[in-house]
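# Structural characterization, general
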Amino acid sequence: MSKVGGVSEVGGSQNSVEIDGLARFAVDEHNKKQNTLLEFQKVVNAKQQVVAGTVYYITLEVTDGGKKKVYEAKIWEKPWLNFKELQEFKLISDTPSASSA
């Protein structure tokens, strides 16, 4: 169980439909705002923080012009208000680490 305000790992995040959907949302929002064509590949890791809603920190792999890159997305979600916002989307690595394979 998550503690309010604490950041915790999201168990099974690589196989979660919800986390996968949030990661795709993050890539789509980033593409719209930055006029880029990143293609979502997979979720590498996910953490969550319970606040007024939930803040997700999702590490994800994308393809940018055929080159794999790893980004971290910060998404704030309040499902009862149908609210979802991409707060941050930053490049972590140009090449995925061997441990993420």
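Relevant structure appears above.
First, a word on scope: everything that follows refers to the structure included in this document. (Residues numbered from 1 in each chain as written. Predicted model: local features only at pLDDT ≥ 70, side-chain atom pairs only at ≥ 80, totals over all residues. Heavy atoms only, no water.)

## Re the pattern of salt bridges
- Taken as a whole and judged by the stated rule, the model has 7 salt bridges.
- Put simply, aspartate 20 and arginine 24 hold a salt bridge, and the shortest N to O gap is 2.9 Å. One end of the pair is aspartate 20 and the other is arginine 24, both in helix 1 (residues 17-34) and 4 residues apart, which spans about a single turn.
- A single salt-bridge network, built from bridges that share partners, covers Glu72, Glu88 and Lys90. (Salt bridge = Lys/Arg side-chain N within 4 Å of Asp/Glu carboxyl O. Helix = DSSP H or I, 4+ residues; strand = E, 2+ residues; numbered from the N terminus.)

## Some remarks on the packing of aromatic side chains
- Tallied over the entire structure, the rule returns 2 aromatic pairs.
- Summarising the aromatic geometry, the rings of tyrosine 71 and phenylalanine 89 are spaced 4.7 Å apart at their centres and angled 25° between planes, so their arrangement reads as stacked. With a gap of 18 residues between them, tyrosine 71 in strand 4 (residues 67-78) and phenylalanine 89 in strand 5 (residues 83-93) connect regions that are remote in the sequence.
- By relative accessible area, tyrosine 71 is classed as buried at 8%.
- For phenylalanine 89, a relative accessible area of 13% corresponds to the buried category.
- Arranged with centres 5.0 Å apart and planes meeting at 80°, the rings of tryptophan 76 and phenylalanine 83 form a pair that is edge-to-face.
- Here lysine 78 stacks its cationic end above the ring of phenylalanine 83, 5.0 Å away from the centre of that ring. (Phe/Tyr/Trp six-rings, centres within 6.5 Å; stacked < 30°, edge-to-face > 60°. Buried < 20%, exposed > 50% of the residue type's maximum accessible area, 1.4 Å probe, protein only. Lys NZ or Arg CZ within 6 Å of the ring centre and 35° of its normal.)

## Focus: the sheet that holds strand 5
- A sheet is described by the order of its strands in space; here 5 strands give the open sequence 1-2-3-4-5, paired in antiparallel fashion. Pairing within the sheet leaves two strands with one partner each, and these edge strands are strand 1 (7-9) and strand 5. Adjacent strand axes in the sheet meet at a mean angle of 25° when their direction is disregarded.
- Taken together, the 3 bridges between strand 1 and strand 2 (residues 39-51) define a ladder with antiparallel strand orientation. Pairing of serine 8 across the sheet is with glutamine 48, part of strand 2.
- Taken strand by strand, helix 1 contacts strand 2, strand 3 (53-64), strand 4 and strand 5, and its axis lies near 80° from that of strand 5. (Pairing = 2+ DSSP bridges. Axes fitted to C-alpha atoms, helices over the stretch in contact; angles between N-to-C directions. Contact = heavy atoms within 4.5 Å.)

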